[in-house]
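# Tertiary structure, described
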Amino acid sequence: MKICLLRVGIDKICGGIHSPIFKDGTYEFVPIPEYYYRHHTFDENKIPTFGTLKGSKNKPFIEYFKHEGKDKDEHIHCPVHTDPEFVTYTYGDGNHTKNKLTELQKGDYIVFYAAMEGFDFDMEPAMYIFGYFEVEYSFIATQKEHYDIIFDDFKNNFHIKHQEIFARDIANAKNKGLKLVKGSPKSRMLKYAYLISKKNTLSHKKVHSISPDMQQLFGDFGGKIAIQKNPLRWIKDKELVQKTVHWLKNLE
């Protein structure tokens, strides 16, 4: 058994905001924008936008763009790339940097974390775990014939719901295919978000890194403690895997 940690969701570079966390420890996970539709027409009745899609707090995501202006104006009619999704537990990623997701096998775990910032109170941005999949299987789609093969299990995933996105992902040679992960019914989206980072100076820059407390649980990923971007970070040591799984299952 192994565990993969993966950063997902909107941030200052892709979207202009961080997902909000609230005083009581609850949060709203805000997915990334789908900028493909800046250059392609789409039907807002079929593809939810930041202005129409509501989160767990029953507010449209656009309300979490705190300030009027460029970011809010640009995203109110921008489609939301809802991924991962926690209804049927699927995740898709076309980026070539995620090729190793296909190493995930039945019984492994993928743990999702996101950049979050205080919304109704003052709290600087940091990295928080908000959910995980117990993996059923992973798959890499590289040709259009794969669409029908994986449709039943992944029909709720953004990459499969919208065939133009699927076609884009497999047509991009650099992607080396669309990586897909299917979670079991034991997968969970958590009620509360759990802090895992601390600012650390690496290569003369302050970056979000796994905090010393969390290193006691996850280890230090072979010295690669920076988690500010979206690298895959793996826990493979059997003892640490068991400790982490026990911790995850006891989160609210």
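### Description of the overall build of the chain
- Within the chain, the secondary structure is distributed over six helices and 12 strands.
- Relative to a compact globule of 252 residues, whose C-alpha radius of gyration would be 18 Å, the chain shows 18 Å and is just as compact.
- When its C-alpha atoms are laid out on the principal axes, the chain stretches across 50 × 45 × 35 Å.
- The buried share of the chain, taken over its 252 residues, is 50%.
- Long-range contacts, defined here as pairs at least 24 residues apart, represent 69% of the contacts in the chain between residues at least 6 apart.

### A word on the packing of aromatic side chains
- Evaluated as defined, the whole model comprises 22 aromatic pairs.
- On the basis of an interplanar angle of 70 degrees and a centroid distance of 5.4 Å, the ring pair of Phe86 and Phe133 is categorised as edge-to-face. Taken together, the residues span a long stretch of sequence, with Phe86 in the loop between strand E4 (80-81) and strand E5 (90-93) and Phe133 in strand E7 (residues 126-141) at a distance of 47 residues. This pair shows no difference in class: Phe86 is buried, exactly as Phe133 is.
- Site record: aromatic cluster; members linked through ring pairs are Tyr27, Phe29, Phe86, Tyr89, Tyr91, Phe112, Phe130 and Phe133.

### What to know about the pairing of E5
- Because side chains alternate across E5, one face comprises the buried residues Thr90 and Gly92, and the other comprises Tyr91 and Asp93, equally buried.
- One ladder, built from four bridges, connects E5 with strand E8 (residues 178-183); its direction is antiparallel. Bridging from a neighbouring strand, Asp93 pairs with Lys179 of E8.

### Some points on helix H2 (residues 146-154)
- Buried within H2 we find His146, Tyr147, Ile150 and Phe154. Down the axis of H2, the sector holding all buried residues measures 90 degrees, keeping them to one side. Residues of H2 that are exposed and point over 90 degrees away from its buried face: Asp148, Ile149 and Asp152.

### A look at helix H4 (residues 163-171)
- If you check which residues of H4 are buried, you get Ile165, Phe166, Asp169 and Ile170. Viewed along the axis of H4, the buried residues span an arc of 125 degrees, placing them on a single side of the element. When the buried face of H4 is taken as reference, the exposed residues oriented beyond 90 degrees from it are Gln163 and Ala171.

### Here's the deal with the side chain of Asn157
- On the secondary structure map, Asn157 appears in the loop between H2 and helix H3 (158-161).
- With relative accessibility at 0%, the residue Asn157 sits in the buried group.
- Here the side chain of Asn157 touches Asp83 through a polar contact of 3.0 Å, side chain to side chain.
- At 3.1 Å, the side chain of Asn157 and the side chain of Thr90 are in polar contact.
- Ignoring any residue separated from it by four or fewer positions in sequence, one finds Asn157 in contact with Asp83, Thr90, Tyr91, Gly92 and Leu180.

### Observations concerning the layout of surface pockets
- Considered as a void within the structure, the largest pocket measures approximately 990 Å³ in volume.
- Contributing to the lining of the largest pocket are 39 residues, with Gly9, Asp11, Cys14, Ile32 and Asn230 lying nearest its centre.
- If you list the elements that add at least two residues to the lining of the largest pocket, you get strand E1 (3-7), strand E3 (32-33), E5, E7, H4 and strand E10 (197-202).
- When the residues that make up the lining of the largest pocket are grouped by side-chain class, the tally is 13 nonpolar, 13 polar and 13 charged.

Cut-offs and rules
- Along every chain, residues carry numbers that run from 1 in the direction the sequence is written.
- Given that the model is predicted, a residue must reach a pLDDT of at least 70 before its local features are reported, and side-chain atom pairs must reach 80 or more before they are shown or counted; all residues, however, enter totals for whole chains, interfaces and linings.
- To get the side-chain values, take all heavy atoms of the structure and skip hydrogens and water.
- Numbering goes from the N terminus for both helices and strands, where a helix is a DSSP run of H or I of at least four residues and a strand is a run of E of at least two.
- Atoms counted for the radius of gyration: C-alpha only. Globule rule: 2.2 Å times residue count to the power 0.38.
- A 1.4 Å probe rolled over the protein chains alone gives each residue an accessible area, and that area as a share of the maximum for its type sets the label: buried under 20%, exposed over 50%, partly exposed in between.
- Here a residue-residue contact requires only that any non-hydrogen atoms of the pair lie within 4.5 Å.
- Put simply, two rings from Phe, Tyr or Trp (the six-membered ring, in Trp's case) pair if the centres are within 6.5 Å, and we call them stacked under 30 degrees between planes, edge-to-face over 60, tilted for the rest.
- Two strands form a pair only when DSSP identifies at least two bridges running between them.
- The arc in question is traced by the directions running from the helix axis to the C-beta atoms.
- Between N or O atoms, a polar contact is any pair within 3.5 Å; within protein, one atom must be a potential hydrogen donor and the other a potential acceptor, and residues adjacent in sequence are included only when both atoms are from side chains.
- A pocket, in this scheme, is an open set of points on a 1 Å grid over the protein atoms alone with protein on both sides within 12 Å along at least 5 of 7 lines, while a cavity is a set where a 1.4 Å probe fits but cannot get out; residues line either one if an atom lies within 4 Å of a point.
- Grid points are joined across faces, edges and corners, and a volume is the space filled by probe spheres set on the points.
- The nonpolar class holds Ala, Val, Leu, Ile, Met, Phe, Trp, Tyr, Cys and Pro. Asp, Glu, Lys and Arg form the charged class, and all remaining residues, Gly among them, are polar.

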